[in-house]
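Report on the structure
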Amino acid sequence: MIDFNVPPFTGKELNYMQEAVANRKICGDGPFTKRCEAWINEKFGVPASYLTTSGTAALEMAAILTGIQPGQEVILPSYTFCSTADAFVARGAKLVFVDIRPDTLNIDETKIEEAITDKTRVIAVVHYAGVACEMDAIMDIARRHHLFVVEDAAQAFGATYKGRYLGTIGDFGCFSFHETKNYSMGEGGAIVLPDLKYRDEAEICREKGTNRSRFFRGQIDKYTWVNYGSSYLPSDLNAAYLWAQLEAYRDISDDRMKSWNRYHDSFLPLEEKGLVELPTIPDEAGHNAHMFYLKVKDMETRTSLIRHLKENGVLAVFHYIPLHTSPAGRKFGSFFGPDVYTTKESERLLRLPMYYHLSEEDQDQVIRSVYSFFA
Ligand SMILES: *Cc1c(COP(=O)(O)O)cnc(C)c1O
């Protein structure tokens, strides 16, 4: 069976984890955490970033930092993972779902402004499949209405918009290093701060509401509980795993891109015949080969294709039942305007196996199996 996902592994992870154990540094903010954060700061050109226990935790931190209050509203796509919404629900916010664009499946930037009310505080965008949202338009709307922009860049580590790294354009950027993402630490994530003015607050909410980080920097002589917080620091053992992956950043990225391009070239003839649609990458977007998906005619075709692939030893999965149709989505929010594309597009999308070190042999089996379905 060809798995849908295999967690990335470079070979050095165990050495670094062993080093962490040998040095008796396994709690949060140890040497590997610092190394990963410094790497992210330099690569993305941001003044501060913090590893977290998950992408969800990074989003929770971002929601806290926006200061959103119970009853206030967050605008977000319904076509996303529930964590984007959970983070704001935890703050008592109301979810306002806006339709997606049919090409990138990202939030439709032209439909955001009409959904803004005097209760809106945040626009939370999701760069689906590591393909950028239309950030210039979104930042312009946010600035004119004095709203925060949180980038759910969970899938977008290393991807760009007009040459700028995703996660560094809005007020807060959130990444995931879950084992299904391009770079992993098992469970983990990071929040990046393009602006240092949120540094103290970010450190406080990540450290159980204490100003412990300032204490460690020698800025104060004892630390205390100063605000609400939680514990969002991952163990340095996990950071040691991630460090091996960041060291192999280029290799992992090139390998995934090669698989992505191979899928793309192989399926072009099917697209020309009108049997499938391939992912659209706008000119402004530099994607990171996070995901390869096909769109087929309808849900029925998708169900049979998934079954056919399984019979041929290939695990393919669909994505995102729109949040506004789920029990929690109905409870915590509502869809603004007509749902033209969210449900329709989500019903016909199918993700193919995509991971670091997917062999050409296995990939050929996937490609052959898709072709035999349409034959
Ligand atoms: C993976 C993912 C998350 C959550 O990340 P975790 O590390 O699993 O908590 C959030 N949003 C999106 C869009 C994701 O793909």
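Structural notes, computed from the coordinates. These numbers come from a predicted model, not from an experiment.

Quick word on the layout of surface pockets
- Of the pockets and cavities examined, the largest pocket occupies roughly 470 Å³.
- Taken together, 29 residues line the largest pocket, and the ones lying closest to its centre are F81, Q155, H178, T180 and K181.
- For the lining of the largest pocket, the leading source of residues is helix 3 (residues 55-66), giving three residues.
- Counted as a void, the second largest pocket has a volume near 400 Å³.
- Together, 21 residues line the second largest pocket, and D29, K34, E37, Y50 and S213 are the ones closest to its centre.
- Elements supplying a minimum of two residues to the lining of the second largest pocket: helix 2 (31-44), strand 1 (48-52), helix 6 (199-206) and helix 7 (212-216).
- The biggest single contributor to the lining of the second largest pocket is helix 2, with four residues.

What to know about the packing of aromatic side chains
- Counted by the stated rule, this structure contains 27 aromatic pairs.
- Seen from their ring centres, Y16 and F32 are 5.6 Å apart, and the 50 degrees between their planes marks the pair as tilted. One end of the pair, Y16, is in helix 1 (residues 13-22); the other, F32, is in helix 2, and 16 residues separate them in sequence. Exposure class is identical for Y16 and F32. Each is buried.
- One aromatic cluster in this structure is built from W39, F44, F157, Y165, F175, F177, Y183 and Y249.

A few points about the packing of helix 10 (residues 299-311) against helix 13 (residues 360-374)
- Interaxial distance between helix 10 and helix 13 falls to 10 Å at its minimum, and their mutual angle equals 130 degrees. Judged by the inter-axis angle, helix 10 sits oblique to helix 13. Relative to helix 13, the crossing made by helix 10 is right-handed. Taking contact as the criterion, the partners of T301, S304, L305, H308 and L309 in helix 10 are, on helix 13, V366, S369, V370, S372, F373 and F374.
- Among the residues making up the contact of helix 10 with helix 13, the classes are represented as six nonpolar, five polar and no charged.

Observations concerning the site of the ligand
- Taken together, 16 residues lie around the ligand, and G55, T56, D152, S176 and K181 are the ones closest in.
- In the model, an oxygen atom of the ligand is placed 2.7 Å from a nitrogen or oxygen of the G55 main chain.
- Notes on the ligand: free accessible area 380 Å², of which the protein chains cover 93%.
- Judged by the fraction of its atoms near the pocket grid, the ligand is located in the largest pocket.
- With three residues, helix 3 is the single largest residue contributor to the shell around the ligand.
- Of the residues that constitute the shell around the ligand, the class distribution is five nonpolar, nine polar and two charged.

What counts, and at which threshold
- Residues numbered from 1 in each chain as written.
- Predicted model: local features only at pLDDT ≥ 70, side-chain atom pairs only at ≥ 80, totals over all residues.
- Heavy atoms only, no water.
- 1 Å grid on protein atoms, 1.4 Å probe; cavity = no way out; pocket = protein on both sides within 12 Å on 5 of 7 lines; lining within 4 Å.
- Points joined across faces, edges and corners; volume = space filled by probe spheres on them.
- Helix = DSSP H or I, 4+ residues; strand = E, 2+ residues; numbered from the N terminus.
- Phe/Tyr/Trp six-rings, centres within 6.5 Å; stacked < 30°, edge-to-face > 60°.
- Buried < 20%, exposed > 50% of the residue type's maximum accessible area, 1.4 Å probe, protein only.
- Axes fitted to C-alpha atoms, helices over the stretch in contact; angles between N-to-C directions.
- Parallel < 35°, antiparallel > 145°, perpendicular 65-115°, else oblique.
- Left-handed = near helix turned anticlockwise from the far one by under 90°.
- Contact = heavy atoms within 4.5 Å.
- Nonpolar A, V, L, I, M, F, W, Y, C, P; charged D, E, K, R; others polar.
- Near = heavy atom within 4 Å.
- Polar contact = N/O pair within 3.5 Å; in protein donor to acceptor, adjacent residues only side chain to side chain.
- Areas by Shrake-Rupley, 256 points an atom, 1.4 Å probe, with all protein chains shown as cover.
- Sits in = over half its atoms within 2 Å of the grid points.

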